[in-house]
Amino acid sequence: MLYTELLRLWDEAVKAVDAKDWNGALATLEEITEPNSWTLFITASAHLALGQLDQALQALDQTIAKDERLAVGFFQRSGVLMQIGRLEDALSDCIWAQKYMRGNMVIDYKQLRLRYKLYSWQVLYNAAAVYCRMGQWDQATDILLSASQEKGAGRGAVVDLALESVSRGEVLAPLMVPEGEVFRPRKQDVEQLKQKDFLGKAKVISSMIPNDDFGGFEPLRMQKPGFYEPKVDSAQDTHYMRMRVPYMAATPGELTVPGGAMVFLFGEVDPDGMATVIYDGQRGRLPMTLLEPADVKMSKGKKENSVLSGIPLPPGLKPPTRPQTLPSSAAPPQEAPPPAYTPPAIPAGLPKYTSIASRSTDQDKDNSHPYERRVQDTLRGSEAGSVVVKVHYRYTVALTVPLDTPYHELQERVAHKLGQPAARLRLRHKCHGSQVLRPLNEDGDGGVLLQAAEAGKVTLWCQTEDPLANRTIFYQMVALYDYAAEGPEDLEFSEGDTIDILGEVNEEWLEGHCAGNIGIFPSCFAYRETSTLNENTVL
């Protein structure tokens, strides 16, 4: 609930209390959806004025629940409990009220907008009234004697009369907050509820339109005539004219305008053939016979051919065309490597274009097989017959091994580096000029790294293979790309992983097993290793 709405209803309820309209006050207070302890105290006061003790007790319970240290709330509730007959609860409220007095002789609630002062002797008086109803007259007398020692306005006469009543065996009436005394909202906050015009009325200080005294917000309206050029939306509605020939002013009211200049036609043509125009910020008269309509093109409120103002228009340059990219001599990457590499034959009679660095007498070396040249470069790049092997796993590791390391020894070293069993690791590499991952030749004795060596380093992809039981593996495929699972039924894998194919879902989806997980995946994310692709590899 907004505080302004709470403040408005609170103020209306207080006004109803001042007018003794208790039902009206209760009706207003019921509209408050989030009452505080002060508004609930007003509700209790209204019920007490109507003699509705049960409803008043319920409202005071809610008041104390909102503010557990409100001493005047306990004091008021003790009086209601005495009238209902719950004497032990009334005595307990007197004790709590005395506790939350915090040793003070008086609490003035003026700062909380309650015109009432609660004195300590009043709390003791109510306690004595409870003992009177219990029939404990000695206890009531002792408490009244203690109250007579307290300080406070009105104490002397009230306590003395109470002692006399107790001595005669008369029951004391409880003291309570006077009727109509309630918590009130701040006066400053209530005054802010009234709408105020902080901006005031707008006043025109300066305007390009003569005699313009309008200030405010409203739709477009007809302007008063003046020395200004109205905005137009098309060339047909413009009043721009062009001077066909130069004109020199002959009389004081005329203008001197060069030929070709643009002027704005202002007003109607006079009977003598002179038209009133505006040129260069000046108003004057020109012969209408010397003016011709000007072709002024307007586009989105901006004039392409604007009136000459001494600033030259920018030249109409066109951006330079982008140079065409020359075709690259490098061969595009292949989707799958061919079964065997055959150097392309060069037709006889065609010249060979070579760089200056390649023009040497060693023609046999230049015409050697590309695979042989790559191996020779690797042997020259490696230091002391060793090569750097970079292995892509879940993370990337690097190690240096001899170039003639057999497959099983290389597998053991990689397994030791990754902390995985060697029997579960499978190593793959990319052939030169291809994006397809192929297994390393496990049968090779010492040339296993020469398959993937390039410039003194080898890049391998490693996968952990888990055995699969109770399922038939039809064939295996190799992942071309990373695939992230989008659901619990998907199979997630990384580029280069080997996937055991367990079945075909449809033409586009397969069921497979990888890294101990079984799921489905798109068939286009992997390729099948066939005998054509790997002649020396048996799956």
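Report on the accompanying structure. (Residues numbered from 1 in each chain as written. Predicted model: local features only at pLDDT ≥ 70, side-chain atom pairs only at ≥ 80, totals over all residues. Heavy atoms only, no water.)

1. Some words on the pattern of salt bridges
Keep this limit in mind: The rule for a salt bridge is simple: a side-chain nitrogen of Lys or Arg has to be within 4 Å of a carboxyl oxygen of Asp or Glu.
Tallied over the full model, the rule gives 14 salt bridges. Among the salt bridges present, the one from Glu 170 reaches Arg 168, with a minimum N-O distance of 3.2 Å. Because the salt bridges share partners, they merge into one network encompassing Glu 5, Arg 8 and Glu 12.

2. A short note on helix H8 (residues 137-148)
Convention followed: Think of it this way: any DSSP run of H or I at least four residues long counts as a helix, any run of E at least two long counts as a strand, and we number them from the N terminus. In this scheme, a helix's expected span is set at 1.5 Å multiplied by one less than its residue total. Note on exposure labels: buried denotes an accessible area under 20% of the residue type's maximum, exposed denotes more than 50%, and partly exposed covers the range between, all computed with a 1.4 Å probe on protein chains only. In this description, one arc is meant: the one made by directions from the helix axis to the C-beta atoms. By the convention used here, residues are in contact when the closest approach between their heavy atoms is within 4.5 Å.
The end-to-end C-alpha separation of H8 is 16 Å, in line with the 16 Å expected for 12 residues at 1.5 Å each. Listed in full, the buried residues belonging to H8 are Ala 140, Ile 143, Leu 144, Ala 147 and Ser 148. All buried residues of H8 fall inside an arc of 145° around its axis, so they share one side. Where H8 is buried, its residues meet helix H7 (120-134) and helix H9 (155-167).

3. Focus: the sheet that holds strand E7 (residues 291-293)
We count it as follows: When DSSP finds two or more bridges between two strands, those strands count as paired. To obtain an axis, a line is fitted to C-alpha atoms, over the contacting stretch when the element is a helix, and the angle between two such axes runs from 0 to 180 degrees between their N-to-C directions.
Reading across from one edge, E6-E5-E4-E3-E7 is the order of the five strands in this open sheet, with antiparallel pairing throughout. Either end of the sheet is taken by a strand with one partner, and the two such strands are strand E6 (282-287) and E7. Neighbour-to-neighbour, the strand axes of the sheet open up by a mean angle of 45°, direction not taken into account. Bridge analysis of strand E3 (residues 240-243) against E7 gives three bridges, and the strand direction is antiparallel. Bridge pairing links Met 243 to Leu 291 in E7.

4. What about unusual backbone geometry?
Residues other than glycine seldom take positive phi values, yet Arg 102 does so here, at roughly 55°. Residue placement: Arg 102 occurs in the loop between helix H6 (87-99) and strand E1 (106-108). At Arg 113, a position not held by glycine, the phi torsion is positive, near 60°. Locating Arg 113 in the fold gives a position in the loop between E1 and strand E2 (117-119).

5. Describing the nonpolar core
Let me state the cut-off plainly: Here, nonpolar core means buried Ala, Val, Leu, Ile, Met, Phe, Trp, Tyr and Cys residues that are tied together by side-chain atoms lying within 4.5 Å of each other.
Judged by nonpolar contacts, the single largest core of 63 residues is most densely connected at Val 72, Tyr 109, Leu 118, Leu 172 and Phe 183. Formed by 24 residues, the second largest nonpolar core is a distinct cluster that contains Val 387, Leu 410, Ala 453 and Cys 462.

6. Observations concerning the sheet that holds strand E17 (residues 498-504)
Read from one edge to the other, the open sheet built from five strands follows the order E19-E18-E17-E16-E20, with strand pairing classed as antiparallel. One side of each edge strand has no neighbouring strand; the edge strands of this open sheet are strand E19 (517-522) and strand E20 (526-528). Strand-to-strand twist in this sheet, taken as the mean axis angle between neighbours without regard to direction, amounts to 45°. In this sheet, E17 lies alongside strand E16 (residues 475-479) in antiparallel orientation, the contact comprising four bridges.

7. Focus: the side chain of His 47
Heads up, the rule is: Counting of polar contacts relies on pairs of N or O atoms within 3.5 Å, with two restrictions inside protein: one atom must be capable of donating a hydrogen and the other of accepting it, and residues adjacent in sequence are counted only when both atoms are side-chain atoms.
Residue position: His 47 is located in helix H3 (residues 37-49). Overall, the relative accessible area of 12% leaves His 47 in the buried class. Among the polar contacts made by the side chain of His 47, one reaches the side chain of Gln 52 at a distance of 2.5 Å. Beyond its immediate sequence surroundings of up to four residues, His 47 is in contact with Leu 26, Gln 52, Gln 55 and Ala 56.

8. Thoughts on the packing of helix H1 (residues 3-18) against helix H2 (residues 22-29)
Put simply, the test is: Roughly parallel refers to an angle under 35 degrees, roughly antiparallel to one over 145, roughly perpendicular to one between 65 and 115, and oblique to any angle outside these ranges. In this count, Pro and Cys sit with the nonpolar residues alongside Ala, Val, Leu, Ile, Met, Phe, Trp and Tyr, while Asp, Glu, Lys and Arg are called charged and the others, Gly among them, polar.
Where H1 contacts H2, the two axes come as close as 8 Å, and the packing angle between them is 170°. Considering the angle they form, H1 stands roughly antiparallel to H2. Contacts between H1 and H2 involve Leu 9, Glu 12, Ala 13, Ala 16 and Val 17 from the first element and Trp 22, Gly 24, Ala 25, Thr 28 and Leu 29 from the second. Looking at the contact of H1 with H2 residue by residue, the classes come out as seven nonpolar, two polar and one charged.

9. Quick look at helix H4 (residues 53-66)
Taking 1.5 Å per residue, 14 residues should reach 20 Å; H4 reaches 20 Å between its end C-alpha atoms and fits that length. When we look at burial in H4, the residues that qualify are Ala 56, Leu 57, Ala 59, Leu 60, Thr 63 and Ile 64. In a view along the axis of H4, the buried residues occupy a sector of 165°, so they form one face of it. In H4, those exposed residues whose orientation departs by more than 90 degrees from the buried face are Asp 54, Ala 65 and Lys 66. Against H3 and helix H5 (71-84) lie the buried residues of H4.

10. Details of the packing of aromatic side chains
Our working definition: Each Phe, Tyr or Trp ring (for Trp, its six-membered ring) is paired with any other whose centre lies within 6.5 Å, and the angle between the two planes then decides the class: stacked below 30 degrees, edge-to-face above 60, tilted in between.
All told, the structure shown has 13 aromatic pairs when counted by the stated rule. Taken together, a centroid distance of 6.0 Å and an interplanar angle of 20° make the contact between Trp 38 and Phe 183 stacked. Of this pair, Trp 38 sits in helix H3 while Phe 183 sits in the loop between H9 and helix H10 (187-191), placing them 145 residues apart in sequence. Under the relative-accessibility criterion, Trp 38 is labelled partly exposed at 22%. Residue Phe 183 is classed as buried on the basis of its relative accessible area, which comes to 0%. Taking the centre distance of 6.3 Å and the plane angle of 25° together, the rings of Phe 74 and Trp 96 count as stacked. A residue pair is termed long-range when its members are at least 10 positions apart, and Phe 74 in helix H5 and Trp 96 in helix H6 qualify at 22 residues. According to the relative accessible area criterion, Phe 74 is buried, its value standing at 6%. A network of ring pairs unites the aromatic residues Trp 10, Trp 38, Phe 41, Tyr 109 and Phe 183 as a single cluster.

11. Here we look at the environment of Asn 23
Tracing the backbone shows Asn 23 in helix H2. The exposure class of Asn 23 is exposed, given its relative accessible area of 53%. Sequence separation between Asn 23 and Ala 13 is 10 residues; the distance between their C-alpha atoms is 9.8 Å.

12. Overview of the pairing of strand E12 (residues 425-430)
The element E12 is extensively covered by neighbouring structure, given that five of its six residues are classed as buried. The pairing of E12 with strand E15 (residues 457-464) spans four bridges and is classified as antiparallel. Bridge pairing links Arg 426 to Gln 463 in E15.

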